[in-house]
Amino acid sequence: MTDVFEQELSDQLAQARRELAAARAAGDPEGVDAYRGRITGLLHIAARHGITLPHTPEEDEEED
């Protein structure tokens, strides 16, 4: 079950990163904020469950 949960988090993180890139490309600051928050939230959920997902230093610095 943990593998399924980890895969779901990983998939959601990848989707949020794609959406963040699209928001940046569209010049949508609210979208950028929303997807940065989504990424941070997913990384926090993973950490609380002992799951390490690859992330960038920029994502590591997100605190909201």
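None of the values given here were measured: they were computed from a predicted structure. (Residues numbered from 1 in each chain as written. Predicted model: local features only at pLDDT ≥ 70, side-chain atom pairs only at ≥ 80, totals over all residues. Heavy atoms only, no water.)

## A closer look at the packing of helix α1 (residues 2-26) against helix α2 (residues 29-48)
Step number 1: Relative to each other, α1 and α2 sit at 160°, their axes nearing to 9 Å. Of the possible angle classes, the one that applies to α1 and α2 is roughly antiparallel. The handedness of the crossing between α1 and α2 comes out as left-handed. Facing Phe5, Leu9, Gln12, Leu13, Ala16, Arg17, Glu19, Leu20, Ala23 and Arg24 of α1, the residues of α2 in contact are Gly31, Val32, Tyr35, Arg36, Arg38, Ile39, Leu42, Leu43, Ile45 and Ala46.
Step number 2: Class assignment of the residues belonging to the contact of α1 with α2 gives a composition of 13 nonpolar, two polar and five charged. (Axes fitted to C-alpha atoms, helices over the stretch in contact; angles between N-to-C directions. Helix = DSSP H or I, 4+ residues; strand = E, 2+ residues; numbered from the N terminus. Parallel < 35°, antiparallel > 145°, perpendicular 65-115°, else oblique. Left-handed = near helix turned anticlockwise from the far one by under 90°. Contact = heavy atoms within 4.5 Å. Nonpolar A, V, L, I, M, F, W, Y, C, P; charged D, E, K, R; others polar.)

Without other data, these values stay purely geometric and don't point to any function.
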